[in-house]
Amino acid sequence: MAIRRLQQDFRQLLKNKVEGIDASPSSENFFIWNAIIFGPEESVYEGGAFQLQFLFPEDYPLRPPQVRFTTKVFHPNVWWEDGRICVDILKDGWAPSYDVLAILHSIRLLLVDPNPLSPANLEAALLYRDNRAEYNRRVSQMIQDALDADDEDEDEDDDADENINNGDEVVTQNDDGDILREKSTIHRDSITE
């Protein structure tokens, strides 16, 4: 039942493209999905690209998936340590009629409209409630730090002495002559746009 439903959810995502939201199953396990949400325009999260991971139970859609941000997010309803998200649609408010797109919409709306009365991150909730300017500064700094880290990663990739592409394995030799092997997976083009 779960696989059939996940296939249906994936077809819906392909059919109903939504700007700023995308998701796809892992090439190795259909119960693990990767997603991306771009910060909503005219919000403090604008300019951010936030990656998420979905872990679906075998009885999905009877039970909701576990969803967490893999990108650091400073938000009242996101645990800082592991990126887990505190939102009704993934807890008591779950209904089997919800699909991946509905979950992503709900999380994107949560970025714009946090619920500081049900905090996962108490510090973010208190700043959001009591000092919005500092909250906005922290969010903006977090987004800038992520962008800077991405730039550094790209620079490190350019500095590698040798890259050999063997199908879905990348072999890299660093300055010390050590051989590094990485499994590379290419997801749908739209997830990286």
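Quick caveat: nothing in here was measured; it's all calculated off a predicted structure.

1. Section: the pairing of strand 1 (residues 21–25)
In terms of burial, strand 1 is a largely internal element, five of the five residues being buried. Side-chain alternation along strand 1 places Ile21, Ala23 and Pro25 on one buried face and Asp22 and Ser24 on a second face that is also buried. Of the pairings in the sheet, the one linking strand 1 to strand 2 (residues 32–38) comprises five bridges and is antiparallel in character. Bridge pairing in strand 2 links Asp22 to Ile36. Between the end of strand 1 and the start of strand 2, which pair antiparallel, lie six residues.

2. Thoughts on empty space enclosed by the protein
To find leftover empty space, a probe the size of one water molecule is rolled over the atoms. Following the criterion strictly, the structure yields one cavity of 30 Å³ or more and no others. There is about 30 Å³ of room inside the largest cavity. Every residue along the wall of the largest cavity is listed here: Leu13, Asn16, Lys17, Val18, Ile21, Asp22 and Leu101. Residues of the lining of the largest cavity, tallied by class, amount to four nonpolar, one polar and two charged.

3. Quick notes on the UniProt feature "active site" (unreviewed entry) in the chain
Under the UniProt annotation, the feature "active site" (unreviewed entry) is placed at Cys86. Along the polypeptide, Cys86 turns up in the loop between strand 4 (66–69) and helix 2 (100–112). Apart from the residues lying within four places of it in its own chain, the contact partners of Cys86 are Asn77, Trp79, Leu110, Ser118 and Ala120.

Cut-offs and rules
Residues numbered from 1 in each chain as written. Predicted model: local features only at pLDDT ≥ 70, side-chain atom pairs only at ≥ 80, totals over all residues. Heavy atoms only, no water. Buried < 20%, exposed > 50% of the residue type's maximum accessible area, 1.4 Å probe, protein only. Helix = DSSP H or I, 4+ residues; strand = E, 2+ residues; numbered from the N terminus. Pairing = 2+ DSSP bridges. 1 Å grid on protein atoms, 1.4 Å probe; cavity = no way out; pocket = protein on both sides within 12 Å on 5 of 7 lines; lining within 4 Å. Points joined across faces, edges and corners; volume = space filled by probe spheres on them. Nonpolar A, V, L, I, M, F, W, Y, C, P; charged D, E, K, R; others polar. UniProt positions renumbered as here; feature names shortened; annotations may be inferred. Contact = heavy atoms within 4.5 Å.

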